[in-house]
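Structural characterization, general
Spelled out from the first residue to the last, the chains are:
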Amino acid sequence: METNKEATLNRILQVGGELIIQKGFNNVGLNEILGACEIPKGSFYYYFKNKEDFGLQVIKHYGDTSIKLLSSYLQDKTKNPKERLMSFFKDIRLVYIQKDFTEGCLLGNCSVELSDLKVSYAHKVAHEFDRWEVLFEACIAEGQADGSIGDSTDSKKLAAYILNNWEGAILRMKSRKDDKPLSLFIEFTDNLLT
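This report concerns the structure included in the present document. All values derive from a computational prediction rather than experimental measurement.

1. Some points on the nonpolar core
- Within the largest apolar cluster, 57 residues are counted, with the highest numbers of intra-cluster contacts made by Phe 54, Leu 85, Phe 89, Trp 132, Phe 136 and Trp 166.
- Those residues in contact with Phe 89 that sit more than four places away from it in its chain are Phe 136, Ile 162, Trp 166, Phe 185, Ile 186 and Thr 189.

If you want it as structure tokens, here you go:
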């Protein structure tokens, strides 16, 4: 059972993450985050050492939430591994279309905005991407074993390649303000895994 402190912390991290996805880390002030959560300003330091600690916790919270979502797709035994991967990409593409291509992935956004500012941010983002890559790799290896994925490339390398291309497609989507990069990624990935 979640305590009041845990519930408040999760609410701050959720709302803060949403604001960061929309505006960028450096464009979101603590007052805006706390105001959106209806929490007094002095309470911030009850939950976080400083804004850097807040940023690191937001990245971890987003990573944990994403792992749950990704697992729900990539470990879905009602579909073969290739179908799992492709349904994830297709469904997330629809989410980005509904949001008018404005937000993207918090990890990708923070990688671009924060990784050169502090090594702690770079390491945290890299760690969260590594966690995603492990899930991709397991799904790909399973698909190679059962024949639903025909590409025989090392599953770890293939997982890294697909994740890198997905994140790149999301960045291009944001700049183009259309789904062409995501659609192209989906088309080529579907062919690659055949």
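2. Section: the environment of Ser 152
- Assignment of secondary structure puts Ser 152 in the loop between helix 7 (119-146) and helix 8 (155-176).
- Its relative accessible area of 70% is what places Ser 152 among the exposed residues.
- Spatially, the C-alpha atom of Ser 152 lies 22 Å from that of Lys 77, the residues being 75 residues apart in sequence.

3. Comments concerning the side chain of Thr 189
- Along the polypeptide, Thr 189 turns up in helix 9 (residues 180-193).
- With relative accessibility at 5%, the residue Thr 189 sits in the buried group.
- Setting aside chain neighbours within four positions, we find Thr 189 in contact with Met 86, Phe 89 and Ile 162.

4. Let's talk about the pattern of salt bridges
- Under the criterion given, the structure shown has 12 salt bridges.
- In this structure, Glu 52 engages Lys 118 in a salt bridge whose closest nitrogen and oxygen atoms are separated by 3.4 Å. Taken together, the residues Glu 52 in helix 4 (residues 51-74) and Lys 118 in the loop between helix 6 (106-114) and helix 7 connect sequence positions 66 residues apart.
- Residue Glu 52 is classed as partly exposed on the basis of its relative accessible area of 24%.
- Taking the shortest distance from any N to any O, the salt bridge between Lys 77 and Glu 142 comes out at 3.3 Å. With Lys 77 in the loop between helix 4 and helix 5 (81-98) and Glu 142 in helix 7, this pair connects stretches of sequence that are 65 residues apart.
- Residue Glu 142 is classed as partly exposed on the basis of its relative accessible area, which comes to 28%.
- Taken together, the shared-partner salt bridges connect Lys 60, Asp 64, Glu 128 and Arg 131 into one network.

5. Overview of unusual backbone geometry
- A positive phi angle, near 60°, is found at Phe 101, a position not held by glycine.
- Topologically, Phe 101 is positioned in the loop between helix 5 and helix 6.
- The class for Phe 101 is buried, based on a relative accessible area of 13%.
- With phi around 60°, Lys 177 is a residue other than glycine that occupies positive phi space.
- If you trace the backbone, Lys 177 turns up in the loop between helix 8 and helix 9.

Cut-offs and rules
- Residues numbered from 1 in each chain as written.
- Predicted model: local features only at pLDDT ≥ 70, side-chain atom pairs only at ≥ 80, totals over all residues.
- Heavy atoms only, no water.
- Core = buried A, V, L, I, M, F, W, Y, C linked by side-chain atoms within 4.5 Å.
- Buried < 20%, exposed > 50% of the residue type's maximum accessible area, 1.4 Å probe, protein only.
- Contact = heavy atoms within 4.5 Å.
- Helix = DSSP H or I, 4+ residues; strand = E, 2+ residues; numbered from the N terminus.
- Salt bridge = Lys/Arg side-chain N within 4 Å of Asp/Glu carboxyl O.

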